[in-house]
Amino acid sequence: MGGLPEGEEFAYEVGEIVYFKADHMPMLIEKQVYKKKVKQYEVVFKNKDGELLNNTVSEDDLLATPPTNRARI
C-alpha cells in the first residue's frame, strides 16, 4: 500500500536534472512521490533572484518536455 504498482517505474531518478515545459527551468529531483495514482517528483530550483524554491511536478508534465541536456548529479 502506498507504493508504486508492480511493474511500473519512475521515468526520472533522484538527483537527475530535468526541465519544466513552460519555461525550461532546470530543476533537481529530490524525491519520487506516488500519490493518488499519479507519479510526481518533489523538485528544487532557483528563481530569477537566485532563491532556492521547492515544488511538486507531475511526471506527465516532465515527459511533455523535450529531453534536452538531461543530466544526473
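Note that the coordinates shown come from a computational prediction; the quantities given were computed from them, not determined experimentally.

Novice: Just give me the short version of the environment of Val-33, but keep the residues and values in it.
Specialist: Position of Val-33 relative to the elements: it lies in strand β2 (residues 26-35). For Val-33, a relative accessible area of 15% corresponds to the buried category. Taking C-alpha positions, Val-33 is 9.6 Å from Val-57, a pair spaced 24 residues apart along the chain. In this structure Val-33 touches Phe-10, Val-38, Lys-39, Gln-40 and Glu-42, once residues within four positions along its chain are discounted.

Novice: Break down the packing of aromatic side chains for me, with residues and values.
Specialist: Within this structure, the stated rule accounts for two aromatic pairs. Between Phe-10 and Tyr-41, the aromatic rings sit 5.6 Å apart at their centres with planes inclined by 65 degrees, giving edge-to-face as the arrangement. With Phe-10 in the segment before β1 (16-19) and Tyr-41 in strand β3 (residues 38-46), this residue pair connects regions lying 31 residues apart in the sequence. With relative accessibility at 16%, the residue Phe-10 sits in the buried group. Judged by relative accessible area, which is 0%, Tyr-41 ranks as buried. Through a chain of ring-to-ring contacts, three or more aromatic side chains come together here, namely Phe-10, Tyr-12 and Tyr-41.

Definitions and cut-offs
- By convention here, each chain's residues receive numbers from 1 onward along its written sequence.
- Under the rules for a predicted model, residues below a pLDDT of 70 receive no local features and side-chain atom pairs below 80 are neither given nor counted, while totals for whole chains, interfaces and linings still include all residues.
- With hydrogens and water set aside, each side-chain value is computed from the structure's full complement of heavy atoms.
- Strands here are runs of E lasting at least two residues and helices are runs of H or I lasting at least four, both read from the DSSP assignment and numbered beginning at the N terminus.
- The rule is simple: take the accessible area with a 1.4 Å probe, protein chains only, and divide by the maximum for that residue type; under 20% is buried, over 50% is exposed, in between is partly exposed.
- Whether two residues touch is decided by their heavy atoms; if any such pair falls within 4.5 Å, the residues are in contact.
- Stacked, tilted and edge-to-face are the three classes assigned to paired rings of Phe, Tyr and Trp, where Trp is represented by its six-membered ring and a pair needs centres within 6.5 Å; plane angles under 30 degrees give stacked, over 60 edge-to-face, the rest tilted.

Note that all results are geometric; they support no functional claim without further evidence.
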